[in-house]
Amino acid sequence: MSQSTRRAGRPTKRPRLIKHTTTASLDAVHRDRHRIFSLQPNGNITLRTSYIPESNLTPDDPGESTLFDAQPEPADLDPWNEVEHFTPVICEDANIGSEVLKARHQKTIRDNPISVWLLERQTFVDELIKLEGRGKHTNNTCQCGAEDAVFRCQDCFSVQLACCSCTIQSHEWKEGFFHPVSLKSMGLRVQLGHYPGTTCRKPKPAHGDDFVVIDVHGIHDIALDFCGCEHEVSHFKQLLRARWFPATVTDPRTAATFAVLEFFHILSFESKVSAYEFYHCLARRTDNTGITPIRDRYSLFLRMVIEWRNCKTLKRSGRGHDPNGVHSTNDGDLAVLCPACPHPGKNLPDDWETAHNQWKYGLFLAVDANFRLKRRMVSSDEKDPGLSCGWGYFVDEKSYKHHLNSLTGIAQEKSTCVSHNAVNMADTKSWKGLAATGVGTVDCARHDMKLANGVGDLQRGERCVFFFTLSNFSALRRINISYDVACQWHKNLWPRQSMLPSRLRFNQDGKVIKFFVPKFHLAAHIEVCQTEFSFNWTPGVGRTDGEAPERGWANMNRVASSTKEMGPGSRRDTLNDHFGDSNWKKITALGRALLRKIGVAVASEKEHRHALHDFQGSITESEAGVASLSVWRAEIEAWEMDHSQPNPFQSRVATMTQAAVRLELAKQDAKELEDGSVVPLHAEVTCSVFLSTGIDLEHTQRRLRADVGALGQHSTDIQRTKILMRRTVLQRRIDAWTDIQVLYMPMVPNLRASVSLPPPNDNDNDDSGCPTLNPNSSNAEDFPLLLPSQVCNIVACDQKMLEMEWSLRHAQANDALNECRSHIRVRRQLYQYKTQHVHGQGASTRARKTLDAVEERLMLSHAKYASAHKALVSLSPSCHMYCAGWEQKLQPLKKAHLRPMGDFGGQTQGTAIMSWIWLTHGISTNDNEGLQDSLRVEWCKARARHNRWSEEIHLLLEEMQRVLKFLDWQAEQWDSRGSSGMQPNEEEGFVAYACRQAHTRRRLAAVFKESWRKVRTDSDEITRSPDC
């Protein structure tokens, strides 16, 4: 590869370290060689050799140039790689030379710069806060002599204040244009520790007179002089006070401006851009031609970003104002707290513990796991421990892993609900090559914010960090916990608490703890779980849905591609920073979010209140209805207090199937024959058997028409033969049945001979897609059977026969509806399985055939129901005393109604009605009992919907008050953070930053209060207590 190609190539992620040695030919261009031996505190001997060019030797100052090493750039230097120059060591004393070489292989503090930086972390935080003030420039005098120096340019190097005119003049456009020439090549030297334009008596150039600055405008090589005056501070402090972040605290050679770090910090939150992409964007902005060699400082930039994130977090959480320093930080102190959640002593009233409505002060927690935020086996905790060990959202790694190790011998119990992968496959998931299979989190369920010490790495399964978070809320008396598999997870939760350290054990005495399943996941559970763990039917939870963690993963998953390759500590620090930014953005949006929610809640509460009032009015029209309503109210109140009581949301009337109706009719026929009250018209076929057989023939015709319609234009001989054989068998069965039909329906032959036959395809409610009867066809599947329901509007039929068909058709409709429900559940499971596990053309084709078979069965069941419903409509005028109220339970069925239980067509349980096929209960032999059962269930649900919306209003109003109180409490906390005993010019930054943070909180509270000013808190319709 040519030299030019290497210069223009894309940099590698891991810079190569190339050792270059000087050759003997160097002596020809140097006049003298200067050796310096020094003894280090650790006993090592270092040797530094400087070559003095002949051109630099002058009689006046023969030794000044020895301050720098003159080292030529090798011809094959790769500009993208970090280069370390090594000079040859030629020693006459072999012993000294061997010791020097041995010392080079020993580890020094330079091998772990992060550990060295930790010793100076407090200084970094202090310097950042000091820059919030004016520092040394407090005299308000500009360099031009003006007394109004109150401006500081954030893009310029200098931190000195200037007046308005000087600020404008220094940024004026000059004639000509800017050439891409470095300031270093033009002779500019940057002097730290002094005003711009002034000189230092003892300047100390950077090592090798070579310094790299990473800025928003690009990567720059500059000539930098540190101040060597007696009063001046260390080199890295001089860089910090110039708003440059040093890469190391010992002999820094690279720095990044505060502007570029701040820019990348915000950009990474919004776009999730990686440091690699951002750094090389700056490299291309510096030189996109490959002509000018650019030093690769990517690894150093990574380190500075990690340290910058940590310093900013410590600064914003007030740890820099702690007199004991940042090392006194406790677990969770760096987390951004949710101001709408209850925090005793911060945003709750003084008498909240004795208040009547304790549910208003309840905490809502949502537990979930994310298996995309995994981490590969890269580095280790020893090499990369992280900078905030348990201070933020991640728990302390040591104590957390110790807790996980204590659970290794405990076998995971199998789920007694549906097959939950999170439970049954907790110990079988593939985690080969992974140090962490994901993260488990505990969130605020109502406001979607991560909680302090609420995040932990998953080792195997969803063993989460629940107790680490719960220990922070031990003072609260009511806690509502949501989890996808709460029905199984809560069983052994408290017994396993004894395995935790005493500081993490939660005292349950005097507390109400309830478990829920999130609304979206609830439909996948069995029927018992759907009522016991439902947010919709439990009082005191408002309109909480428990799905808060799922909403946050969509944004957080975008960083998974970069964090999975990080070391453990860097990954935790990065995710901590992203979680904190997510919480802060939600806090700033609470004003709009709570206002929007309460607007929806007020309108919905009014709508459901009127619906409940009308429903109760129709029930209480009779004395029996008033008595029933009183009993129902007592039942639901008892169940809400104790879920072991009978569940009023479940139907207590058994569903009557078609087979059961046939058995009942057969028993009636046998009894009538035994009593002699009825003379059979046929020796072997009774009237009920005749009608049942006719209904079966009707469905057989329907299936044959569907199979004929499924034949393509190029059907095979075997397929056509099977159709003909089935058609022949069906025709023989129809001929035998019509012979018996003449006995029970003697008017049918005349109807067949006349032209007054009813139209076969007049069912407008049938949109199943099943082929209908063809009146012009002579095939068996198109033969009109003329059952009583099809001719009762034309000729008179026996009343008893009509009632028998009514019972059979009613049961047929229930059976068809059950078949539709079953097919819908199977179809949903197949779609989920296909999406998650089926890959490849062959497997996808086989899965598609299975789905098509289920779709065909669903179509036939839909058509069967439509036929039964049509018959019920025809028979109802003749059987009105026998079939009262059936229209409320068996409605016309459309394709739009055939959706899964958890699918509300874009709406939710609390705002829309679930598809009626999941709300219909079976008909019993006593229709009045079945109707009363359905009324009870629907009244309980209507009451629950209204109560949840009424509770939501109360919760939102309480949360608004808590937000304002919390912001005021935070402002007072910042006001109370005083000075740290520093010099006045240094202390000003601490005071200024505390004032700015307090001002921000008060401004947020004022903006929120103004936007909530129009909320009608004094309306009786809104603030009255819900019917709980």
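Here is what the cut-offs are and how they apply
- Residues numbered from 1 in each chain as written.
- Predicted model: local features only at pLDDT ≥ 70, side-chain atom pairs only at ≥ 80, totals over all residues.
- Heavy atoms only, no water.
- Helix = DSSP H or I, 4+ residues; strand = E, 2+ residues; numbered from the N terminus.
- Buried < 20%, exposed > 50% of the residue type's maximum accessible area, 1.4 Å probe, protein only.
- Contact = heavy atoms within 4.5 Å.
- Areas by Shrake-Rupley, 256 points an atom, 1.4 Å probe, with all protein chains shown as cover.
- Pairing = 2+ DSSP bridges.
- Axes fitted to C-alpha atoms, helices over the stretch in contact; angles between N-to-C directions.
- pLDDT = per-residue confidence, 0-100.
- Polar contact = N/O pair within 3.5 Å; in protein donor to acceptor, adjacent residues only side chain to side chain.
- Expected span 1.5 Å × (residues − 1).
- Arc of directions from axis to C-beta.

### Details of the overall build of the chain
Okay, step 1: The helix and strand inventory of the chain stands at 31 helices and 17 strands.
Okay, step 2: The buried share among the 1028 residues of the chain stands at 46%.
Okay, step 3: Considering only contacts in the chain between residues 6 or more positions apart, those separated by 24 or more positions represent 74%.
Okay, step 4: With an accessible surface of roughly 51,900 Å², the chain has 53% of that area assigned to carbon and sulfur atoms.

### Details of the sheet that holds strand 15 (residues 449-458)
Okay, step 1: Across the sheet, which stays open at both edges, the 5 strands sit in the order 15-14-11-16-17 with mixed pairing between neighbours. Each of the sheet's edge strands pairs with one partner strand only, and the pair in question is strand 15 and strand 17 (512-516). On average, each strand axis in the sheet is tilted by 20° relative to the strand beside it, whichever way the strands run.
Okay, step 2: When strand 16 (residues 478-483) meets strand 17, the two strands line up parallel, connected through 5 bridges. Within the sheet, the bridge partner assigned to Ser482 lies in strand 17 and is Phe516.
Okay, step 3: Of the strands in this sheet, strand 14 (438-444) and strand 15 are in contact with helix 18 (residues 568-588), which crosses strand 15 at around 155°.

### Some remarks on the confidence of the model for the chain
Okay, step 1: Taken residue by residue, the chain gives an average pLDDT of 77. The fraction at 70 or more is 73%.
Okay, step 2: Within the model, pLDDT remains below 50 along residues 422-428, and this stretch shows 19 contacts once partners closer than five positions in the same chain are excluded.

### Considerations on the side chain of Ser692
Okay, step 1: Structurally, Ser692 can be placed in helix 22 (residues 687-710).
Okay, step 2: Within the structure, the side chain of Ser692 is placed 2.8 Å from the backbone oxygen of Ser688, a separation counted as a polar contact.

### Notes on the side chain of Arg446
Okay, step 1: Along the chain, the position of Arg446 falls in the loop between strand 14 and strand 15.
Okay, step 2: Its relative accessible area of 10% is what places Arg446 among the buried residues.
Okay, step 3: Side-chain polar atoms of Arg446 contact the side chain of Thr544, separated by 2.8 Å.
Okay, step 4: Setting aside residues no more than four positions away along its own chain, Arg446 makes contact with Phe364, Val541, Arg543, Thr544, Lys597, Glu952, Leu955, Leu956 and Glu959.

### Considerations on the pairing of strand 8 (residues 218-227)
Okay, step 1: Counting buried positions along strand 8 yields 8 of 10 residues, so the element is predominantly enclosed.
Okay, step 2: Pairing geometry for strand 6 (residues 203-205) and strand 8, over 3 bridges, is antiparallel. Along strand 8, the bridge assignment pairs Pro203 with Cys227.
Okay, step 3: Direction of pairing for strand 7 (residues 211-215) relative to strand 8: antiparallel, over a ladder of 5 bridges. The residue of strand 8 that forms the bridge with Val213 is His220.
Okay, step 4: Linking two consecutive strands that pair antiparallel, namely strand 7 and strand 8, is a turn of 2 residues.

### Observations regarding helix 20 (residues 623-641)
Okay, step 1: Given a rise of 1.5 Å per residue, 19 residues ought to cover 27 Å, and the 28 Å separating the end C-alpha atoms of helix 20 matches this to within 8%.
Okay, step 2: Within helix 20, the full set of buried residues consists of Gly625, Leu629, Trp632, Ile636, Trp639 and Glu640. The buried side chains of helix 20 occupy one side of the element, clustering within an arc of 95° when seen end-on. With respect to the buried face of helix 20, the exposed residues turned more than 90 degrees away are Glu623 and Met641.

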